[in-house]
Amino acid sequence: NETTRIAAIKTLSTIAAASSGSDAAEKIDLSNVLGEMIESMAGFLKLQSRSLKQSSLEALDIVITNHGSSIPPEISQELFSKLSVELSNLVVDSDLHISHLSLRASISALKVCPGCGPSVKDYILPKVLDLSSSPLLQDLALDSLLAHLEQVVLSNAVDFSVLLGMLRGRLNQ
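On a predicted model such as this, the values are computed, not experimentally measured, just so you know. (Residues numbered from 1 in each chain as written. Predicted model: local features only at pLDDT ≥ 70, side-chain atom pairs only at ≥ 80, totals over all residues. Heavy atoms only, no water.)

### Section: the overall build of the protein chain
A count of helical and extended segments in the protein chain gives 8 helices and 0 strands. The helix and strand sequence of the protein chain, counted from the amino end, reads α-α-α-α-α-α-α-α. For a compact globule of 173 residues, the expected C-alpha radius of gyration is about 16 Å, and the protein chain comes in at 16 Å, within 12% of that figure. The principal-axis extents of the C-alpha atoms in the protein chain amount to approximately 55 × 30 × 25 Å. A buried classification covers 43% of the 173 residues belonging to the protein chain. Taking as baseline every contact in the protein chain between residues at least 6 positions apart, the subset at least 24 positions apart corresponds to 72%. Positive and negative charge centroids in the protein chain, built from 13 and 19 side chains respectively, lie 5 Å apart. (Helix = DSSP H or I, 4+ residues; strand = E, 2+ residues; numbered from the N terminus. Rg over C-alpha atoms; globule rule 2.2 N^0.38 Å. Buried < 20%, exposed > 50% of the residue type's maximum accessible area, 1.4 Å probe, protein only. Contact = heavy atoms within 4.5 Å. Lys, Arg positive; Asp, Glu negative; His and termini not counted. Charge placed at Lys NZ, Arg CZ, Asp CG, Glu CD.)

### Quick word on the nonpolar core
The nonpolar side chains of a soluble globular protein tend to be buried with one another. In terms of nonpolar packing, the biggest core is built from 47 residues, with Ile-38, Leu-60, Phe-80, Leu-83 and Val-128 touching the most fellow members. If you list the elements that add at least two residues to this core, you get helix H1 (2–18), helix H2 (34–44), helix H3 (50–67), helix H4 (73–88), helix H5 (96–112), helix H6 (117–132) and helix H7 (139–154). In contact with Leu-83, other than residues within four places in its own chain, are Ile-38, Ala-42, Leu-45, Leu-60 and Ile-64. (Core = buried A, V, L, I, M, F, W, Y, C linked by side-chain atoms within 4.5 Å.)

### As for the packing of H5 against H7
In contact at an axis separation of 9 Å, H5 and H7 are set at 25 degrees when each is read in the N-to-C sense. Relative to H7, H5 is oriented roughly parallel. Pair H5 / H7 crosses with left-handed handedness. Counted together, Leu-96, His-100, Leu-103, Arg-104, Ser-106, Ile-107, Leu-110 and Lys-111 of H5 and Leu-140, Ala-141, Ser-144, Leu-145, Ala-147, His-148, Gln-151 and Val-152 of H7 form the full contact between these two elements. Its residues assigned to classes, the contact of H5 with H7 comprises 9 nonpolar, 5 polar and 2 charged. (Axes fitted to C-alpha atoms, helices over the stretch in contact; angles between N-to-C directions. Parallel < 35°, antiparallel > 145°, perpendicular 65-115°, else oblique. Left-handed = near helix turned anticlockwise from the far one by under 90°. Nonpolar A, V, L, I, M, F, W, Y, C, P; charged D, E, K, R; others polar.)

### Focus: the packing of H5 against H6
Taken N-terminus to C-terminus, the directions of H5 and H6 make an angle of 150 degrees; their axes are 12 Å apart at the nearest point. Judged by the angle between their axes, H5 and H6 are roughly antiparallel. When the axes of H5 and H6 are compared, the crossing they make is left-handed. Counted together, Leu-96, Ser-99, Leu-103, Ser-106 and Leu-110 of H5 and Gly-117, Val-120, Ile-124, Val-128 and Leu-131 of H6 form the full contact between these two elements. Here the contact of H5 with H6 is built from residues that sort into 7 nonpolar, 3 polar and no charged.

Any link to function would need more than the numbers given here.
Pasting the structure below:
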């Protein structure tokens, strides 16, 4: 049921945000369920419900930002690579808010797991380049697109000169 899923996602998001404090005594250990949580929310991104996608993307950003670094590296790279595939399908100019949220989740994943850079380059970057040339691009989606391009370079997923060449290539199309 969509209503139940959204309520559960918002609850998990609230727990993840509340347990991100600097006081170790107050921090809730989510490491046992973190991988499953991210996989489940990534799975919800395939469904048709826009509100479920939106809630999942908002929660993914919070969970990854606050707890993503606690996932062991051998698991995080595969997990965030799978997430990149799902996020790439949502980076479109027909829904700029969902695109914005997808890019924010991808930025968070790149920050905590630079090793997922190759999958971001393969799946999300082509969609970002398509979005960059859209006449509809504005506001939060534009800000997120720029932040995503910056994070792609900072995480060494793509060299700056290569990315600049890709963006210039879009101008000639």
